[in-house]
Amino acid sequence: LAELRRERDQAVAGEDYERAQELRHHIDLLWPRLQEARRGTVPEPRVTVRDVAEIVARHTGIPAARLAEGERSRLLGLERCLHERVVGQQEAVRAVADAVRRARAALGDPHRPIGAFLFAGPPGVGRGELARALATALFGGEEHLVRIDLSAYREAADAARLLGTAPGGPDGGRAGDVADAATGTLGEAMRHRPHAVLLLDRADEAHPEVRAALADALRRARPRADLARAIVILTATTAAHPAGGDPAEARRAVVAELRRRLGPDLVDRADALDEIVLFRPLDRAEVLRITEMALEPLCRRLRAHNITLEIADPVVAWLADRGHTPEHGARPLRRTVRRELEDRIAGLLLAGQIGPGDTVVVGTEDGELDIQVRLPQPSADRPAPPGRAGEQEPLTAGT
């Protein structure tokens, strides 16, 4: 205020009355604020939980929203969050959620991961999707999923390449010890994402020495600091157990198969794995639901361009039949939707046959997809565009 008053006086002395009037306006605005400060009515700045969360987020990589959110409410609603992404697999989702809650309720062992799981089942049933859903629910996004393909570690020497080599005695120590001279692929990946879901894919295709080193790293007796803040998930492909039989007998058969292929050191040690999670094959209703979920991103993207997408029920079944196979499960589904539907609609958009306000109607005819465009109905104050009527327009041959 003192500085503004001096400038005002100088402006008056120099007969710059316009500038003096502008300065007087600023003085009038600041004077009440000075009075409030003298009376102590201006609240002192306070450091809140949100402020602390923002600072910690910069150091840990965990989004501030996750740090500020109540841990209890997030864990109690974990199944609901996971089922938003994972269709079916109730037993697998419940087993993972229970194990994570157990680790949190017991405050966890500081020398072991938050949770260590073996996901076993046929291909394309949701093992990878559950890992991505866990990363989103617990750490805030899929960018907190670190994936390492263990099928690339087929030699005994690859254990050191994955887990690093420890210095020490004449034998140089075993891979996976605490004091690693070289952190290896796993340690380097976790250094950038310490709070993450570590997905060790295709563990059944790795060399036995690699799996033994992993078992050592996961056990309480051989802790690793770079795994202590992560959730570790190993995956293995197993044959689909027949539906309708005794679940306990089916589980014993799958665990016996895993013990034979992965070794008892990894499968039978409770201090290495918190849970062996079995995934069952998808039934028809679940495949249809996954197909509907695969179509939702396309519907959202078209809505952003003011284009409505209407898909008949036979189309969902048509895509499901071509995007789901016993050998690969639902893995080819998104590729099928992209090839059979997204690519064709993109071509129509580029050709100008679909525009804002239109409705794309997708049905089936003679065993193939049939795509038509319904134009917006003209009104008195909004006539139809030139050459476009408000009726459903058949597209050119071959589309």
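Everything discussed here concerns the structure shown above.
What you are looking at is a predicted structure, and each value in this text was computed from that prediction instead of being measured. (Residues numbered from 1 in each chain as written. Predicted model: local features only at pLDDT ≥ 70, side-chain atom pairs only at ≥ 80, totals over all residues. Heavy atoms only, no water.)

Novice: For helix α2 (residues 17-39), give the residues involved together with the corresponding values.
Specialist: Every α-helical turn comprises 3.6 residues, leaving residues that sit three or four positions apart pointing alike. End to end, α2 covers 33 Å across 23 residues, agreeing with the expected 33 Å (1.5 Å per residue, within 8%). In this structure, the buried residues of α2 make contact with α1 (2-13). Looking at the residues trailing α2, positive phi occurs at G40, about 75°. (Helix = DSSP H or I, 4+ residues; strand = E, 2+ residues; numbered from the N terminus. Expected span 1.5 Å × (residues − 1). Contact = heavy atoms within 4.5 Å.)

Novice: Could you give me a rundown of the side chain of H144, with the residues and numbers involved?
Specialist: Tracing the chain through its elements places H144 in the loop between α8 (127-139) and β2 (145-149). On the accessibility criterion, H144 (1% relative accessible area) is buried. Here the side chain of H144 touches H195 through a polar contact of 3.1 Å, landing on its backbone oxygen. (Buried < 20%, exposed > 50% of the residue type's maximum accessible area, 1.4 Å probe, protein only. Polar contact = N/O pair within 3.5 Å; in protein donor to acceptor, adjacent residues only side chain to side chain.)

Novice: Please set out the sheet that holds β2 residue by residue, giving values where relevant.
Specialist: Strands sit in the order β2-β3-β4-β1-β5 across an open sheet of five strands; the sheet is parallel. Only two strands of the sheet have a single neighbouring strand rather than two, namely β2 and β5 (275-278). Going from strand to strand, the sheet's axes swing by 20° on average, the running direction of each strand aside. Judged from the four bridges that link them, strand β3 (residues 197-201) and strand β4 (residues 231-237) form a sheet pairing that is parallel. Pairing of L198 across the sheet is with V232, part of β4. Packing of α8 onto the sheet brings it into contact with β1 (115-121), β2, β3 and β4, and relative to β4 it is tilted by some 170°. Running at roughly 165° to β2, helix α10 (residues 184-192) makes contact with β2 and β3 of the sheet. (Pairing = 2+ DSSP bridges. Axes fitted to C-alpha atoms, helices over the stretch in contact; angles between N-to-C directions.)

Novice: Can you lay out a nonpolar patch on the surface for me, pointing to particular residues and giving the numbers?
Specialist: Residues V47, V52 and V56 make up a contiguous nonpolar surface patch of about 260 Å² in total accessible area. Tracing the chain through its elements places V47 in the loop between α2 and α3 (49-60). (Patch = residues over 30% accessible without salt bridge, like charges linked within 9 Å, V, L, I, M, F, W, Y side chains within 5 Å. Areas by Shrake-Rupley, 256 points an atom, 1.4 Å probe, with all protein chains shown as cover. Salt bridge = Lys/Arg side-chain N within 4 Å of Asp/Glu carboxyl O.)

Novice: Any details on the packing of aromatic side chains? Residues and values, ideally.
Specialist: Counted by the stated rule, this structure contains two aromatic pairs. Seen from their ring centres, F117 and F119 are 6.4 Å apart, and the 35° between their planes marks the pair as tilted. For the pair F117 and F119, one class covers both residues: buried. Between the aromatic rings of F119 and F279, the centroid separation amounts to 5.1 Å while the plane-to-plane angle is 55°, which identifies the pairing as tilted. (Phe/Tyr/Trp six-rings, centres within 6.5 Å; stacked < 30°, edge-to-face > 60°.)

Novice: Outline unusual backbone geometry, supporting the account with residue identities and numerical values.
Specialist: In this structure, Q89 takes a positive phi of about 55° despite not being glycine. If you trace the backbone, Q89 turns up in the loop between α6 (78-83) and α7 (90-105). Its relative accessible area of 1% is what places Q89 among the buried residues. Positive phi values are uncommon outside glycine, yet N306 reaches one of about 60°. Inspection of the secondary structure assignment puts N306 in the loop between α14 (284-304) and β6 (308-311).

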